[in-house]
Amino acid sequence: MKKLCRQVSIESPGAVVKDCVFSFTVPVPDTPIGGVRVRVVCAGACYVSRRSLSSCDDSVSLAHPGVRDSALFAGFEVAGVVTDVAEGVEKAPSIGERCCIYPFAGCPRGYAEFVAVPDPAYVVPIPATIPLSLAAMLPSGGLRAFNTITIAQRHHKAAKVLVVGTGGLALWTVRVAKCIAPELTLTVASLRDEGLQLAASSGVTVVQWDEDLYERYLIERTVDACEGEVDVVIDYGTTSRSLHRSLQCLAAGGMVLLSDEVAERLIPKFSAKAREKQQSIEAVEIGSVEQLRHLVDLVATERLKPPPHTVFSIDEASEVVSRLSNSDIPGRAILRFHDVD
C-alpha cells in the first residue's frame, strides 16, 4: 500500500474566496524514470486557474483587489529537498540537495508534500545562502518578472516604463528592473493606499490610481508623473478598465505587456484600438529554466534584492489566500510544509 501525503490546491478565486482552497491526501508519487522526487518545504501562495480567464468576467476573480494588484497570481512556486533520484540519471542532483523546481509542463495542480519531476534539468540547486522560503519566490513571481523586464529592455533600451500594481509580482518587476536594466525609468501606479509606501521604498516614482477620480484626471496625473507618455506598460492583473487607461498613457509605437493568464481575454478587445497608434499588446510567458538559474545566481550573490515575504504554516492557506485577495499581505506570502532551514 502506498504512503500518503498532504496536498493543498489553490484555485483561481471566484466570488467567494474561501471556496478556492482545498486540502486532501494523495499518494506519495513514485520517482519517475529518468527523473527525481523532491520533498516540498516551502511554496509560494499562487493559484491554478479552475477555468480559463479568457471567458472570465472582470466582476468575478479579477475584481478582487489582490488579483488586480498582483498580490495573488497564477503560478507554481516550490522549494525543497531532493529525496530520491532514478537509476542511471546523468547530471542528477544529490539526495538531500536543496532546490527549487521550474514550473514544467504538466506540473501538479496544487502543492503536495512530494513532487515527481520528470527531468532533473527542472531541478535548480539553491545555495545555502538562500533560505528555502526565499527560494520559493523565484520559480513563478521572480521568473515572470525577469522575463518581462527582458522583453521590455529588448523593445527599447532606455524606455520609460509604467508598472501597474504594488503586489508581490509588481514589486518583483521593480527590483529586477533595477538590477538588470537600470537604464529603464520606472513609474509605479499604486491601486491602494498601503502600496504607496511599499513602492516608494523601492526608489521609484509612484502615482496613485484612485478609482473614485475621473478617468481623464487619472490619465493626466499618470502622464505627468511619468514626465510624458511611456514606452512600455507592464500590467499583470489587468482588467478592461485598467488596460484602456494604460493605452492612453502609452506613446505611439509603445507596447503593453500582459500576463499570458489574461492576454487571451483582453487582446482581442483592444487590438484595434492599439493599432490606431501603432501600439502593440503582448502576452508574457513564465520564462525559461536558464533564466531561473540566472535569477538564483543574482539573488545568491546579492546583486538582486527580492521583495519582502512573510512565511505562514500550510494550515493557514485559506486565511492567507483570503488576505492576498484583499492585498492585505505586503510583498509575497510563503506557505511552509516543513522546517529544515
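So, how was this worked out
- Residues numbered from 1 in each chain as written.
- Predicted model: local features only at pLDDT ≥ 70, side-chain atom pairs only at ≥ 80, totals over all residues.
- Heavy atoms only, no water.
- Pairing = 2+ DSSP bridges.
- Helix = DSSP H or I, 4+ residues; strand = E, 2+ residues; numbered from the N terminus.
- Salt bridge = Lys/Arg side-chain N within 4 Å of Asp/Glu carboxyl O.
- Buried < 20%, exposed > 50% of the residue type's maximum accessible area, 1.4 Å probe, protein only.
- 1 Å grid on protein atoms, 1.4 Å probe; cavity = no way out; pocket = protein on both sides within 12 Å on 5 of 7 lines; lining within 4 Å.
- Points joined across faces, edges and corners; volume = space filled by probe spheres on them.
- Axes fitted to C-alpha atoms, helices over the stretch in contact; angles between N-to-C directions.
- Contact = heavy atoms within 4.5 Å.
- Phe/Tyr/Trp six-rings, centres within 6.5 Å; stacked < 30°, edge-to-face > 60°.
- Lys NZ or Arg CZ within 6 Å of the ring centre and 35° of its normal.

## Considerations on the sheet that holds strand 6 (residues 111-112)
In spatial order, the strands read 2-1-6; together these 3 strands make up an open sheet with antiparallel pairing. Each edge of the sheet is formed by a strand with only one pairing partner; in this case those strands are strand 2 (21-27) and strand 6. Note: strand 1 (residues 4-10) against strand 6, 2 bridges, orientation antiparallel. By the bridge assignment for strand 6, Gln7 is matched with Ala112.

## Focus on the pattern of salt bridges
Summed over all chains, the structure comprises 10 salt bridges. For Glu11, the salt bridge goes to Arg109, with nearest N and O atoms at 3.4 Å. Note that Glu11 is positioned in the loop between strand 1 and strand 2 and Arg109 in the loop between strand 5 (98-101) and strand 6, a separation of 98 residues in sequence. Taking the relative accessible area as the measure of exposure, Glu11 reaches 13% and is therefore buried.

## Comments concerning empty space enclosed by the protein
Inspection of the entire model under this criterion finds 1 cavity of 30 Å³ or more. Looking at the largest cavity, its volume works out to about 60 Å³. Surrounding the largest cavity, Ser9, Ile10, Glu11, Cys46, Val48, Gly75, Phe76, Arg109, Gly110 and Tyr111 form its lining.

## Some points on the sheet that holds strand 9 (residues 160-164)
One open sheet accounts for 6 strands, arranged 11-10-9-12-13-14; its pairing is parallel. Both edges of this open sheet fall to strand 11 (205-208) and strand 14 (280-284), since each of them pairs with a single strand only. On average, each strand axis in the sheet is tilted by 25° relative to the strand beside it, whichever way the strands run. Bridge count for strand 9 against strand 10 (residues 185-190) is 5 bridges, and the pairing is parallel. By the bridge assignment for strand 10, Lys160 is matched with Thr185. Packed onto the sheet, helix 6 (residues 215-225) meets strand 9, strand 10 and strand 11 and runs at close to 175° relative to strand 11. Across the sheet, helix 7 (residues 240-248) is in contact with strand 9, strand 12 (230-235), strand 13 (250-259) and strand 14; its angle to strand 13 comes to roughly 150°.

## Side note on the packing of aromatic side chains
According to the stated counting rule, one finds 3 aromatic pairs in the structure shown. Look at Phe104 and Tyr122: their rings are 5.4 Å apart centre to centre, the planes differ by 10°, and that puts the pair in the stacked class. Linking Phe104 in the loop between strand 5 and strand 6 with Tyr122 in the loop between strand 7 (114-117) and strand 8 (123-125), this pair joins segments that are 18 residues apart in sequence. Residue classification places Tyr122 among the partly exposed positions, given a relative accessible area of 26%. The aromatic ring of Trp209 is capped on one face by Arg245, whose charged end is 4.5 Å from the ring centroid.

Remember, this is a structural readout, not a statement about activity or role.
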